[in-house]
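Residue strings, one per chain:
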Amino acid sequence: MRAGLRALTSRGRSFLASGLAALLMALLLGENDLFRIGVLVTALPLLAALVVARTRYRLSCARRLDPPRSEVGGEATVTLRLENVTRLPTGLLLIEDTVPYALGARPRFVMDRVEPRGVREIDYRVRSDMRGRYTIGPLSVRIADPFGLVELTRSFTISDTLVVTPQVVALPHVRLSGEWSGGGESRSRSVAAAGDDDVAPREYRQGDDLRRVHWRSTARHGELMVRREEQQWQSRGALLLDTRRHAHRGEGPRSSFEVAVSAAASIGVHLAHEGLGLRLVTDQGPEHLTDSGLSWSLLDTLATVRHSSARSLELGVAALRQGGGDGLVVAVLGELDPEEARDLARLRHSGITAVAVLLDVSTWNGDERAAETHRAVQTVLSGYGWRVLPLPAGVPIASVWPDAAGRTRYAINPAGGAA
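Caption draft 1: Structural detail: the overall build of the chain. When helices and strands are counted, the chain shows 11 helices and 18 strands. By the burial criterion, 45% of the 419 residues in the chain qualify as buried. A sequence separation of at least 24 residues applies to 73% of the contacts in the chain between residues at least 6 apart. With the model as given, the accessible surface of the chain reaches about 22,600 Å², and the carbon-plus-sulfur share is 51%.

In structure tokens:
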């Protein structure tokens, strides 16, 4: 009963106060009719509070996100499934789901009645213009009486996560010379059906296809031997993303930082689909990517990447140097000074294809000094054999990506001489 009284709405409290006032005046004036009215008005919210407080609804809740990952600007559908698991019908239910502000206003629904063992499904859509990882839930259900005098709130504990990934732009296919020069587990082998002498067989294992039995080796060893499965040689590449706050300009979805994240996501997904084993590095060092579902792992990581307070690319350059074995290095860079560009440029050597997507941050704020620095950095990187792709504001990465296949006209050796 105490819970019911605490759950009285403004209307319920008004009814209770009016009823008590009518009873007091009826006693003072000796009006029997007023006394009856006072009893009725007072009893109505009290009875509603008693009924709602004693109601033992048992509801189960499930939530489904379709899709569980949504690109920036895309929509996702949230489906709520409520089931009445008791033998009693419910009353009026007011349903509200908890949604972060970035996904829009909190959805609210009114459900009139759920029969015993009944199921109801409710759909609503969410949309975000900012990438990130957002928690949806928990769901709260307010139980109300038909007169709106009492509302009792009960909450579920279940919540789900929606990942809003950066915008991914489809890139044209570009053959990057040297991209297959990275180290892999083994080169692919061509094995004849009859079994050549240079085939490296192994012993038969339970479940092996009998069509792969290597009969010559079987006769030699006296036990079943099978041909090894062809192993694909996978090259390795590295993707460097400059997240330093002072290296970018602008705020919001159109800032140079968000453009850089989207460019890194587009390039990473493109290279992963091309079969490149990719690792992600920022100015803070290497980022962990799972081996399975490389594209999704990359997008999940980039969905939550934020500005860093670092002042240089020293940690990122060191991580690239320590990793080794990369046949391709792609760097998505903000504002650099020529000395930082020179430290990065020295990573390239014979057998490595190096591509720099260099954001022209001066086009975000019209800074002429930044424009001069941008041109100087271009000269430094190009001089060391990097393929530089300037990216001004408003220009999509897909339009400059074909330049990644271009040839450098000259290079500077580590000693400083031109060649």
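Caption draft 2: Inspection of the pairing of strand β9 (residues 151-155) at higher detail. As paired elements, strand β8 (residues 139-144) and β9 share five bridges and run antiparallel to each other. Counted as the bridge partner of Val141 is Arg154 from β9. Here β8 folds back onto β9 in antiparallel fashion, the turn holding six residues, of which Gly148 has a positive phi close to 70°.

Caption draft 3: Just the pattern of salt bridges, in detail. Following the criterion strictly, the structure yields 17 salt bridges and no others. As a salt-bridge pair, Arg244 and Asp242 come within 2.9 Å of each other at their nearest N and O atoms. Each member of the pair Arg244 and Asp242 is classed as buried. A salt bridge links Glu335 to Arg249; its shortest N-O distance comes to 2.5 Å. Remark: Arg249 occurs in the loop between β13 (236-241) and α5 (256-273) and Glu335 occurs in the loop between β16 (328-333) and α8 (338-345); sequence separation between them is 86 residues. What makes Arg249 buried here is its relative accessible area of 19%. Within this structure, Arg63, Asp97 and Asp160 form a network of salt bridges that share partners.

Caption draft 4: Quick look at empty space enclosed by the protein. Scanning the model with the defined rule gives two cavities of 30 Å³ or more in all. In this structure, the largest cavity encloses a volume near 60 Å³. What lines the largest cavity is simply Gly334, Glu335, Leu336, Leu358, Leu359, Asp360, Val361, Ala370, Thr373, His374 and Val377. Those elements giving two or more residues to the lining of the largest cavity turn out to be β17 (353-359) and α10 (368-383).

Caption draft 5: Region of interest: unusual backbone geometry. Following Asp66, the chain continues to Pro67 via a peptide bond in cis, the omega torsion being 0°. Tracing the chain through its elements places Pro67 in the loop between β1 (59-66) and β2 (69-71). In the segment running from Gly137 into Pro138, the intervening peptide bond is cis, with an omega of 5°. Relative to the helices and strands, Pro138 resides in the loop between β7 (132-136) and β8.

Caption draft 6: Spatial organisation of the sheet that holds β2. Read across the sheet, three strands follow the order β2-β10-β7 without closing on themselves; strand pairing throughout is mixed. The open sheet has two edge strands, β2 and β7, and neither has a second partner. Neighbour-to-neighbour, the strand axes of this sheet turn through a mean angle of 25°, independent of strand direction. The pairing of β7 with strand β10 (residues 160-165) spans five bridges and is classified as antiparallel. Counterpart to Tyr134 in the pairing with β10 is Leu162.

Caption draft 7: How the structure looks around the sheet that holds strand β3 (residues 75-84). Strands sit in the order β1-β3-β6 across an open sheet of three strands; the sheet is antiparallel. The sheet is open, and its two borders are formed by β1 and β6 (119-127), each paired with just one other strand. Neighbour-to-neighbour, the strand axes of the sheet open up by a mean angle of 20°, direction not taken into account.

Caption draft 8: Main features of the nonpolar core. Among the nonpolar cores identified, the biggest contains 35 residues, and Ile267, Leu302, Val332 and Trp401 are the most heavily contacted of them. Taken together, the elements giving at least two residues each to this core come down to β13, α5, β14 (277-282), α6 (294-303), β16, β17, β18 (387-391) and α11 (397-400). Broken down by element, the residue count for this core peaks at nine residues, all from α5. Excluding anything up to four places from it in sequence, Ile267 contacts Leu171, Leu239, Val330, Val332, Val357, Ile397 and Trp401. By size, the runner-up hydrophobic cluster in this structure holds 33 residues, among which are Leu59, Ile122, Val126 and Phe156.

Caption draft 9: The packing of α8 against α10, seen in detail. For the pair α8 and α10, the least separation of the axes is 9 Å and the interaxial angle reads 25°. Of the possible angle classes, the one that applies to α8 and α10 is roughly parallel. Of the two elements, α8 crosses α10, and the hand of that crossing is right-handed. Contacts from Pro338, Ala341, Arg342 and Ala345 of α8 reach α10 at Thr373, Ala376, Val377, Val380 and Leu381. Along the lines of polarity and charge, the residues of the contact of α8 with α10 split into seven nonpolar, one polar and one charged.

Conventions and cut-offs
- Residues numbered from 1 in each chain as written.
- Predicted model: local features only at pLDDT ≥ 70, side-chain atom pairs only at ≥ 80, totals over all residues.
- Heavy atoms only, no water.
- Helix = DSSP H or I, 4+ residues; strand = E, 2+ residues; numbered from the N terminus.
- Buried < 20%, exposed > 50% of the residue type's maximum accessible area, 1.4 Å probe, protein only.
- Contact = heavy atoms within 4.5 Å.
- Areas by Shrake-Rupley, 256 points an atom, 1.4 Å probe, with all protein chains shown as cover.
- Pairing = 2+ DSSP bridges.
- Salt bridge = Lys/Arg side-chain N within 4 Å of Asp/Glu carboxyl O.
- 1 Å grid on protein atoms, 1.4 Å probe; cavity = no way out; pocket = protein on both sides within 12 Å on 5 of 7 lines; lining within 4 Å.
- Points joined across faces, edges and corners; volume = space filled by probe spheres on them.
- Axes fitted to C-alpha atoms, helices over the stretch in contact; angles between N-to-C directions.
- Core = buried A, V, L, I, M, F, W, Y, C linked by side-chain atoms within 4.5 Å.
- Parallel < 35°, antiparallel > 145°, perpendicular 65-115°, else oblique.
- Left-handed = near helix turned anticlockwise from the far one by under 90°.
- Nonpolar A, V, L, I, M, F, W, Y, C, P; charged D, E, K, R; others polar.

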